[in-house]
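# Fold and contact review
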4 protein chains.
Amino acid sequence: VTARVGVVGATGYAGSECVRWLLGHPEVEVEAVVSRRAGTRLGDAIPSLFGLTDLVIEEFDAARLARLDAVFLATPHGAAADLARALDASGAPLVIDLAADHRLDPGWTYGQPEWNAEAIRGARRIAAPGCFATAIEMAAAPLVRAKAVKGPLFVSAATGSTGSGASPSEATHHPERFANLRAYKVLSHQHVPEVKALLARVGGGAAPDLHFVPLSAPLDRGILATVFATVDEGLDVGALFAEAYRGKPLVRVRDGSPEVRHVRGTALADVAAFRDGSAAVGLCALDNLGKGAASQAVQCLNLRLGLPVETGLLAVPCTP
Amino acid sequence: VTARVGVVGATGYAGSECVRWLLGHPEVEVEAVVSRRAGTRLGDAIPSLFGLTDLVIEEFDAARLARLDAVFLATPHGAAADLARALDASGAPLVIDLAADHRLDPGWTYGQPEWNAEAIRGARRIAAPGCFATAIEMAAAPLVRAKAVKGPLFVSAATGSTGSGASPSEATHHPERFANLRAYKVLSHQHVPEVKALLARVGGGAAPDLHFVPLSAPLDRGILATVFATVDEGLDVGALFAEAYRGKPLVRVRDGSPEVRHVRGTALADVAAFRDGSAAVGLCALDNLGKGAASQAVQCLNLRLGLPVETGLLAVPCTP
Amino acid sequence: VTARVGVVGATGYAGSECVRWLLGHPEVEVEAVVSRRAGTRLGDAIPSLFGLTDLVIEEFDAARLARLDAVFLATPHGAAADLARALDASGAPLVIDLAADHRLDPGWTYGQPEWNAEAIRGARRIAAPGCFATAIEMAAAPLVRAKAVKGPLFVSAATGSTGSGASPSEATHHPERFANLRAYKVLSHQHVPEVKALLARVGGGAAPDLHFVPLSAPLDRGILATVFATVDEGLDVGALFAEAYRGKPLVRVRDGSPEVRHVRGTALADVAAFRDGSAAVGLCALDNLGKGAASQAVQCLNLRLGLPVETGLLAVPCTP
Amino acid sequence: VTARVGVVGATGYAGSECVRWLLGHPEVEVEAVVSRRAGTRLGDAIPSLFGLTDLVIEEFDAARLARLDAVFLATPHGAAADLARALDASGAPLVIDLAADHRLDPGWTYGQPEWNAEAIRGARRIAAPGCFATAIEMAAAPLVRAKAVKGPLFVSAATGSTGSGASPSEATHHPERFANLRAYKVLSHQHVPEVKALLARVGGGAAPDLHFVPLSAPLDRGILATVFATVDEGLDVGALFAEAYRGKPLVRVRDGSPEVRHVRGTALADVAAFRDGSAAVGLCALDNLGKGAASQAVQCLNLRLGLPVETGLLAVPCTP
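Residues numbered from 1 in each chain as written. Chains lettered and ligands numbered in written order. Predicted model: local features only at pLDDT ≥ 70, side-chain atom pairs only at ≥ 80, totals over all residues. Heavy atoms only, no water.

### Some thoughts on the relation of the copies chain A and chain C
Between the two copies of the chain lies a relationship made up of a rotation around an axis and a movement along it. When chain A is fitted to chain C, the residual RMSD is 0.0 Å, and the transformation amounts to a turn of 180 degrees plus an axial shift of 0.0 Å. On the angle and the small slide along the axis, the relation comes out as a two-fold axis. Take the interface residues of chain A: 100% of them recur as interface residues in chain C, which is what a same-surface contact looks like. (Least-squares fit on C-alpha atoms with pLDDT ≥ 70 in both. Contact = heavy atoms within 4.5 Å.)

### Considerations on the nonpolar core
If you look at the biggest cluster of nonpolar residues, it comprises 250 residues, and the most contacted ones within it are L22 and F72 of chain A, F72 of chain B, F72 of chain C together with L22 and F72 of chain D. Sequence-distant contacts of L22 of chain D, that is, excluding residues within four places in its chain, are made with V5, V7, V28, V30, F72, V298 and L301 of chain D. (Core = buried A, V, L, I, M, F, W, Y, C linked by side-chain atoms within 4.5 Å. Buried < 20%, exposed > 50% of the residue type's maximum accessible area, 1.4 Å probe, protein only.)

### Regarding the packing of aromatic side chains
Under the counting rule described, the total for this entry stands at 22 aromatic pairs over all chains. Judged by centre distance (5.1 Å) and plane angle (75 degrees), the ring pair of F132 of chain A and F212 of chain A falls under edge-to-face. Here F132 of chain A is found in helix 6 (residues 131-145), whereas its partner F212 of chain A is found in strand 10 (residues 210-216), with 80 residues between them in sequence. Exposure remark for F132 of chain A: the relative accessible area of 3% places this residue in the buried category. With 5.3 Å between their ring centres and 45 degrees between their planes, F154 of chain B and F228 of chain D make a pair best called tilted. (Phe/Tyr/Trp six-rings, centres within 6.5 Å; stacked < 30°, edge-to-face > 60°. Helix = DSSP H or I, 4+ residues; strand = E, 2+ residues; numbered from the N terminus.)

### Some points on the pairing of strand 2 (residues 28-34) of chain A
In the case of a regular strand, side chains alternate between the two sheet surfaces. All names here are of chain A. In terms of burial, strand 2 is a largely internal element, five of the seven residues being buried. Relative to strand 2, strand 1 (residues 3-8) runs parallel, the two sharing six bridges. In the strand pairing of strand 2, V7 is matched with V33. Crossover handedness for the path strand 1 to helix 1 (residues 13-23) to strand 2: right-handed. Two elements, strand 2 and strand 3 (residues 57-58), share two bridges in a ladder whose sense is parallel. Bridged to V33 within strand 3 is I57. (Pairing = 2+ DSSP bridges. Right-handed = clockwise from strand over helix to strand, strands pointing away.)

### As for the relation of the copies chain D and chain A
If you rotate chain D by 180 degrees and push it 0.0 Å along the axis, it lands on chain A with an RMSD of 0.0 Å. Of all interface residues in chain D, 100% are interface residues in chain A too; the two copies therefore contact each other through one and the same surface.

### Focus: the interface of chain A and chain C
Taken together, the 37 residues of chain A in the interface contact 37 residues of chain C. Between chain A and chain C lies a buried interface of about 3400 Å² when both sides are counted; carbon and sulfur atoms form 70% of it. Summed over the shared surface of chain A and chain C, the result is two salt bridges. Between E259 of chain A and R182 of chain C there is a salt bridge whose closest N-O contact spans 3.1 Å. For the pair chain A and chain C, the number of links is 16 residue pairs in polar contact (both at pLDDT 80 or more). Those elements that provide at least two residues to the side of chain A that touches chain C are strand 8 (150-159), helix 7 (174-177), strand 9 (182-183), strand 10, strand 11 (223-230), strand 13 (269-276) and strand 14 (279-286) of chain A. Of the residues forming the side of chain A that touches chain C, the biggest block, five residues, is contributed by strand 11 of chain A. A class-by-class count of the residues in the side of chain A that touches chain C yields 24 nonpolar, six polar and seven charged. (Buried area = accessible area lost by both parts, 1.4 Å probe. Salt bridge = Lys/Arg side-chain N within 4 Å of Asp/Glu carboxyl O. Polar contact = N/O pair within 3.5 Å; in protein donor to acceptor, adjacent residues only side chain to side chain. Nonpolar A, V, L, I, M, F, W, Y, C, P; charged D, E, K, R; others polar.)

### Thoughts on the pairing of strand 13 of chain A
Residues and elements named next belong to chain A. Of all eight residues making up strand 13, six are buried, and the element is well covered by its neighbours. One ladder, built from three bridges, connects strand 12 (residues 251-253) with strand 13; its direction is parallel. Paired with V251 across the bridge in strand 13 is A269. Across eight bridges, strand 13 lies against strand 14 in antiparallel orientation. Note on strand 14: the bridge partner recorded for R275 is A280. Between the end of strand 13 and the start of strand 14, which pair antiparallel, lie two residues, with G277 showing a positive phi angle near 60 degrees.

### Description of the interface of chain D and chain A
Taken together, the contact pairs 32 residues of chain D with 32 residues of chain A. Taken over both partners, the interface formed by chain D and chain A buries close to 2800 Å², and the fraction arising from carbon and sulfur atoms is 66%. At the junction of chain D and chain A, the tally comes to two salt bridges. At the boundary of chain D with chain A, the tally comes to 14 residue pairs in polar contact (both at pLDDT 80 or more). For the side of chain D that touches chain A, the elements supplying multiple residues, two or more each, are helix 1 (13-23) and strand 12 (251-253) of chain D. Take the side of chain D that touches chain A: its biggest share by element is five residues, from helix 1 of chain D. A per-class count over the side of chain D that touches chain A returns 17 nonpolar, seven polar and eight charged.

Remember, this is a structural readout, not a statement about activity or role.
Take a look at the structure:
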């Protein structure tokens, strides 16, 4: 075992998925799981883990966690900043935050392993991207890196209900979500700034304009992002994608459309690119709790530890 | 117009469906809708009704409601008893309660129109059956009436999520309900006593033993009930069902299995019966918010008003 | 009764929904239903109609159908042209084709009631729009009419599985569709030309460039279309939509996002518009078998008959 | 590596899931995958495996397959008998058939690892149980073994659509399955005889009467079985289940209802028992393609190889 780790927020969706990936990771030992349900066995709090782990939930104890090789923060947005400060004060060697709190913070490294690997390898404070952000970045970055985009990007992305977290709410009330499609936060979603920041870095210039409409879709897990761009006629967008993701074991460049079912429960991102005249389309399908959250955070750990980025993350997915 | 009516609890699921049926009823005028959101237009509170009605939600006012020809109570279980007392005190001529509060109350008439029509026609206080109860009664009563049942009834019934009401909760959190099947209240569901009471009346004797396992199914509307009984070999269960429901315009006796899709959004109950040796099975599919709640309450109103029981309730359903 | 009508293709999804709306229409009598299942009762072929109609399916007989006031063609794409020729030869007074065969045919009138009513009122051959086409047109036309659009339109629209018809196929195999999101026919969908033709007429000039990515979504009925456009900063897109749809009883301009659930099983289209800087978004939710197919064809009939456009089409929808 | 294996029918649902489990199995090497799509890369035929395996589909070659340590047959029911004879003729050391063809064949061993382990360890021809059969057996066998059941068993079980296989059909057409519940093969399902045979062996006597109603549920994977039995009042059914499954690593005895979500994609069976008076209920949730098919076949291989039964089968499941 290379690393002893802890997960804070282990009974939320991102946190419990983090534990899932880490329990199956050959170089990691999960030493501590933290949530408001301290004292409960993790397998009782998370029924799918019943019988599969002996972990017991603990209170947050910065000093204890700081002695571990890495701490994952998977708390609701807003709660992570205070916890991170406490871990700083206790000298924690590595903190990976899955919440939104530090993604634009200059003291933190943006944890997008395909597009920011070099920085992640040397980082001690890593802010893992949001789920929508990851999907949009994967579908847009190859075009931006090639400086092929003229004018704004228009983006639509549809998401499953787990993206809203484990707490019941109107937007995730089953009768309202079932058989429904709706947009929300039209042109005003809070993930856009981190996407623009990454794309600016990737493109080596100013961030492109980017206009985003998120959709609530009637499924539990998965995001499909559609990025529209205006490019030069004749541009070989397929080649750009193939080149961008060559040697990236967790990204699959598909010929047809990526499909959410093909990545469900996995750490994979499936992408594809299309062009007709000057209109280009980049597509990305991923599991919002996998590549969009927990497994991407584990990718960051792998990079930091010097392991192959896919270590512990290539479980064979369900076939239908 | 034959009747001016009011609906209390008009922004809950049963209540808003009650309004839906009543707005389309040729002999009814909806005069008052009541809920905690007084002052709001009903079309703003219930988005599917936006633009289709000018009704504005009111406070509960027993004196005003008592002047109407009928009042529907569609409040959460437990709240209806107090409201009913206030309507009594104001001399309301007809109260139809969709909640569970009065179903076993001797001062109220059980509102099952296929099996208790005579009593309903003369009633001033009607307690409409629960959704599971209705489905089980429709599938079991023909056998019980024929005194064909030996030993206990074993019942399984699966329901959609609207049965749990409009308030978000863990059991109706979309990620937990999606792609899931689970039992709950195994052998201890609160609807059993009203079913046994009706079956005792129908069978003219003691209530049969009845053991019930409810299932949560991953859909929004609909119940499928399966009733197992031991009967004489050779019994023609199909004939019993055909006879029991002859001339009942809202019950369809099917050759194959009833299907929830065929009754979705309707006031219909589809039933069928099967036998193999001494094992008999009665099946019933209905919409838990239609025949299982709101449209059944309107059936009771029709009976009380001396109208054909299906008046306003035979809208042609969606075909796929 | 104002009109006696026939429906060809009555056991397909669009055809059976056509029958559904026509059976509930106060000015229409359905005299003939035609499909390959001649001799079968319609209520046996379409189980949700069981017990609700005595219609029996007939063979296609052009002479008989031509004596009716109107014939609806709801056959698979490609089959309608021959049938229409036979009806022409028999002197049928009014043919409304729901298939794609005649939508760009100069001898036929494009049946989009909100944007082409004048022509429909005088037409004897009406080609009803496709489901995606309708949704995109409703979301884009107010901007195009105002000549507000600069550069191309980018369009994403997600659809339910009934859009693929009643015949089982890989794309509608339940295990593949369930919990899935995928794009298809990226930038190459066959509905785009009819949309461009309508928008050219609405805008009084050349058709705008329009780039379309359709998505398969995991629900049965409904489309949500998202149209991105570049416009002048400061443009009041909400006012454009309100003005465009004032007095259109089957279109609802919403403040927030339209939702597929709010129009399920209805003849309604819900629309909304948003703008941020120079990026505008038009949204439309409709039922692909209602406003996207069958009920829109009935709207055309209403216009042709001189009836209010919403006659028989304002059934109160389900509330949750 | 302990065993080199082949999978026939590798592009069907049970077969591809077999491959999934075997690819992740530490003691197995998949040497051959066979289906009608010979020459195609498995990752192209099964899109979720794209990029994760280099296997290429082959023609059925009995001689080649007979040289492997084990062959899994996952063909449609009816096709397996001929293939098994060819493998017999070539001297194949171990054949595990997932189809129904050999489950009642005295020359084959019934592959139910929790209830027939001893026989499986010595078997060279193993017929893995059906999905419904497994779920019912897990929920009924503890009661039967204790000779606690009086009179017949009544069983309801609801299944996901993958149980019907990879070929599109009416019963798995998405618009018909979506939001639907229906029964089928009421009291006449073909899995009952194998269940009765196993229960007879477990109970050491005659098979109990067993009356089964299968339900089609609107999800892709998973079965929930409900078994009703009449027992002595006072019987501690929970203790019977706990004892029956003690030391069985792939069975989890739950306090509340088992849930399909908790076993989705896993090799686990979750069970629970309840009693009220003389009515007992056994419940089992499993993944019809996991414990109900592919992973159970791999359990049989593990037993035959002398490995711990759960080897390669304890991947940590998704948490929401």
